[in-house]
Amino acid sequence: MGEFESTLNRQQAAIEAERCLYCYDAPCEAKCPAHVPIPEFIQSIRSGNMHGARVLVQEAHPLIEICGRICPEEEFCQSVCTRAKVDKPVRIRELHRFVTDSTDAAERLDIPAESRDRVAVVGAGPAGLACARELRLKGIRCEVFDARRLGGVPAQEVSWNRCPREVQEREMHLLASKFIDEVHIERVTDVGSLMREYAAVFIATGLPAESDLPIDGVELVGVFHARELLRTVKAGMASGTGRRVGVVGGGNVAIEVASVLRQEDPTRDVTVVYRRSIKELKAFREEIDEATRLGVTYQFLAIPDCILGETHVNGLQVTQARLCEEDESGRCRFEPLPASSYVIPLDTVVIAVGQRPDDDVFHGIGRSSSGLIKVGENMQTSMPGVFAGGDVVSGARTVVEAVRDGKKAADAIVAYMAGGK
Ligand SMILES: Cc1cc2nc3c(=O)[nH]c(=O)nc-3n(C[C@H](O)[C@H](O)[C@H](O)COP(=O)(O)OP(=O)(O)OC[C@H]3O[C@@H](n4cnc5c(N)ncnc54)[C@H](O)[C@@H]3O)c2cc1C
Ligand code: SF4
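Worth saying up front: this structure is predicted, and the values here are computed from it rather than measured.

A. Region of interest: the overall build of the protein. When helices and strands are counted, the protein shows 14 helices and 15 strands. A principal-axis box enclosing the C-alpha atoms of the protein has dimensions of 65 × 55 × 45 Å. Going through the 421 residues of the protein one by one, you find that 54% of them count as buried. When contacts within the protein are restricted to residue pairs at least 6 apart in sequence, those whose partners lie at least 24 apart make up 71%. Entry remark: accessible area of the protein is about 18800 Å², with carbon and sulfur atoms responsible for 50%.

Next comes the structure, spelled out in structure tokens:
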């Protein structure tokens, strides 16, 4: 267990497991996109069979160590826990994490003989890795291509504090050594052309391109893009940001980068600048609480007008916003208040306003107006034999939803290979 011990000790885990009501319809399991058999693994903890608990979680989910730490359980399993009607929900994610922290990877997964046909998986994030593992468990050889490294966003951008290096490396090692026939570290530039060499292709390239802020001043020294910054810090380099940082955005990426910059230098002022109010922040509650604990401050109802400075940033001009009626998604619209602009003095602006797929790699594959890949019920794209899943299909979502897509696509690929369509 070492340095990264679970948040629960054995006794606390046993007490938490006792709280489960073992509902006959297991709403938690239905709500977990990876369909982890939650009541069963909790029952195993209760009876002291930790290895059995591990096998149950690991068979359903290829990235259990990562999700045990960063899965937004308040959106999924825990949100429907019946125990909340009595007092408070069972801490399912903490039990999930306890299982992974207190056991070694299970060897039980049976890996059948390899097929002759090979499948190419493009993008080794949660969706691609889930698909590769599932295919391999069904006896199909899999080669994986990634422009950077195995693991996708969790490995490249989520901070070591939230998911330690040791944990990620252990998980990646298991996947690479047991389930992937070959890893190619290269950027694929024409995904469809892989069909000439492989029986099927799964695209799981996520959202590598960062959206820009359409205002003056983005070319000034001191303007950064959030995800690039996260990759820099994660690779062990200094962020290069100044003393007064404004992070523009209200999603998980904005909150993550704000926390990372405070952790890098706790004396640095870091303010999240957001057009709406705290209620509309799209980041996970746990992450917002952690950022606030680290000393991140917020400037709500502020619409960026332009970044000020001659060559280097010296401020961000914003207009005050007011909230209006709710839109179709239930979030309040906002509008600028007349003659309300003011300047936030800053030496660094970090842009965290959205992400999208690359434009140059999907020749001949149908996409929506926002660039996301369109798929049918069986995750197949408009190009026969080419399947897709994860963020490149759904837009920015979560690790466990990408895992669900990868598993579903693997089933569809097997059916396609068996039927030839
Ligand atoms: C900063 C940040 C924090 C987040 N925090 C959380 C969290 O706490 N909990 C949570 O559940 N989710 C979180 N998410 C969301 C989660 O990381 C994503 O939903 C998930 O990683 C999507 O998985 P994916 O496999 O679709 O794509 P990705 O994880 O993006 O993986 C795509 C992979 O494809 C590779 N690639 C891209 N283009 C090519 C190409 N042309 N050729 C070859 N390879 C290519 C990339 O290098 C990458 O490895 C966070 C996201 C970000 C950005
Ligand atoms: S993967 Fe996420 S939703 Fe599923 S059991 Fe674990 S914490 Fe809950």
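B. Focus on the packing of helix α7 (residues 126-137) against helix α9 (residues 165-179). Viewed as axis vectors pointing N to C, α7 and α9 meet at an angle of 40°, and their least axial separation amounts to 10 Å. Our pair here, α7 against α9, has a crossing hand that is left-handed. Judged by residue contacts, Leu129, Ala132, Arg133, Arg136 and Leu137 of α7 engage Met172, Leu175, Lys178 and Phe179 from α9. Class assignment for the residues of the contact of α7 with α9 results in six nonpolar, no polar and three charged.

C. How the structure looks around the side chain of Arg262. Along the chain, the position of Arg262 falls in helix α11 (residues 252-264). Despite its burial, Arg262 remains without a salt bridge, the nearest opposite charge being carried by Asp269 at 5.0 Å. Setting aside residues no more than four positions away along its own chain, Arg262 makes contact with Thr267, Arg268, Val270, Leu294, Gly295 and Val296.

D. A look at the site of ligand 1. Neighbouring ligand 1 are 39 residues, the closest being Ile70, Asp146, Arg162, Val188 and Asp391. One nitrogen or oxygen atom from the main chain of Pro126 is found 3.2 Å from an oxygen atom belonging to ligand 1. Here Ala127 contributes a backbone N or O atom positioned 2.9 Å from an oxygen atom of ligand 1. Contact with the protein chains covers 96% of the free accessible surface of ligand 1, which is 1000 Å². Contributing elements (two or more residues each) for the shell around ligand 1: α7, β2 (141-146), α8 (152-156), α10 (226-234), α11 and α14 (399-419).

E. Summary view of the packing of α7 against α14. One can describe the packing of α7 onto α14 by two numbers: an axis separation of 7 Å at closest approach and a directional angle of 40°. Considered as vectors, α7 and α14 are oriented oblique to each other. Where α7 crosses over α14, the two elements pack in a sense that is right-handed. In contact with Pro126, Ala127, Ala130, Cys131, Glu134 and Leu135 of α7, α14 contributes Val399, Ala402, Val403, Gly406, Lys407, Ala409, Ala410, Ile413 and Val414.

F. Layout of the nonpolar core. Counting residues in each nonpolar core, the largest one holds 65 residues, and the members touching the most others are Ile38, Phe41 and Phe202. Of the domains in this structure, domain 1 (2-101) and domain 2 (118-208 + 357-419) are the two that each give at least three residues to this core. Listed in part, the 21 residues of the second largest apolar core include Val245, Val272, Tyr274 and Leu281.

G. Up close: the site of ligand 2. The local shell around ligand 2 consists of Cys32, Ile38, His61, Cys71, Phe76, Cys77, Arg93, His96 and Val400. Of the residues contributing to the shell around ligand 2, the split by class is six nonpolar, two polar and one charged.

H. Spotlight on helix α1 (residues 10-18). Ala13, Glu16 and Ala17 are the residues of α1 that are buried. Burial along α1 is one-sided: seen end-on, the buried residues are contained in an arc of 100°. Seen from the buried face of α1, the exposed residues on the opposite side, beyond 90 degrees, are Gln11 and Ile15. Packed against the buried residues of α1 are α3 (38-46) and α6 (92-101).

I. Examining the domain arrangement of the protein more closely. We note that the domain assignment places domain 1 (2-101), domain 2 (118-208 + 357-419) and domain 3 (210-351) within the protein. Of note, the centres of domain 1 and domain 3, computed from C-alpha atoms alone, are 34 Å apart.

J. The packing of aromatic side chains, seen in detail. The full count for this structure, using the stated rule, is three aromatic pairs. Geometrically, the ring pair formed by Phe145 and Tyr198 is edge-to-face, given 6.1 Å between the ring centres and 85° between the ring planes. Linking Phe145 in strand β2 with Tyr198 in the loop between β3 (182-185) and β4 (200-203), this pair joins segments that are 53 residues apart in sequence. The same class applies to Phe145 as to Tyr198, namely buried. The interplanar angle of 0° and the centroid separation of 5.4 Å between the aromatic rings of Tyr298 and Phe300 together place this pair among those described as stacked. Note on Phe300: relative accessible area 24%, which makes it partly exposed. Looking at Arg133, its charged tip hangs above the ring of Phe179, at a distance of 5.9 Å from the centre. Taking the ring centre of Trp160 as reference, the NZ or CZ of Lys234 above it sits at 4.2 Å.

K. Up close: the sheet that holds β4. Spatially, the five strands line up as an open sheet ordered β3-β2-β1-β4-β15, and their pairing is parallel. At either margin of the open sheet sits one strand with a lone partner, and together these are β3 and β15 (386-388). Pairwise comparison of adjacent strand axes, ignoring direction, gives a mean angle of 20° for this sheet. Both strand β1 (residues 118-122) and β2 contribute to a ladder of five bridges, which runs parallel. Following the sheet pairing, Val119 is matched in β2 by Cys142. Running at roughly 165° to β4, α14 makes contact with β1, β4 and β15 of the sheet.

L. Layout of unusual backbone geometry. Positive phi, normally seen in glycine, also occurs at Leu301, with a value near 55°. For Leu301, the location among the structural elements is in the loop between β9 (297-299) and β10 (302-308). The exposure class assigned to Leu301 is partly exposed, which follows from its relative accessible area of 25%. One non-glycine residue with positive phi stands out, namely Ala339, at about 50°. If you trace the backbone, Ala339 turns up in strand β12 (residues 332-344). Residue classification places Ala339 among the exposed positions, given a relative accessible area of 88%.

What counts, and where the lines are drawn
- Residues numbered from 1 in each chain as written.
- Chains lettered and ligands numbered in written order.
- Predicted model: local features only at pLDDT ≥ 70, side-chain atom pairs only at ≥ 80, totals over all residues.
- Heavy atoms only, no water.
- Helix = DSSP H or I, 4+ residues; strand = E, 2+ residues; numbered from the N terminus.
- Buried < 20%, exposed > 50% of the residue type's maximum accessible area, 1.4 Å probe, protein only.
- Contact = heavy atoms within 4.5 Å.
- Areas by Shrake-Rupley, 256 points an atom, 1.4 Å probe, with all protein chains shown as cover.
- Axes fitted to C-alpha atoms, helices over the stretch in contact; angles between N-to-C directions.
- Left-handed = near helix turned anticlockwise from the far one by under 90°.
- Nonpolar A, V, L, I, M, F, W, Y, C, P; charged D, E, K, R; others polar.
- Lys, Arg positive; Asp, Glu negative; His and termini not counted.
- Salt bridge = Lys/Arg side-chain N within 4 Å of Asp/Glu carboxyl O.
- Near = heavy atom within 4 Å.
- Polar contact = N/O pair within 3.5 Å; in protein donor to acceptor, adjacent residues only side chain to side chain.
- Parallel < 35°, antiparallel > 145°, perpendicular 65-115°, else oblique.
- Core = buried A, V, L, I, M, F, W, Y, C linked by side-chain atoms within 4.5 Å.
- Domains from an automatic or database assignment.
- Arc of directions from axis to C-beta.
- Phe/Tyr/Trp six-rings, centres within 6.5 Å; stacked < 30°, edge-to-face > 60°.
- Lys NZ or Arg CZ within 6 Å of the ring centre and 35° of its normal.
- Pairing = 2+ DSSP bridges.

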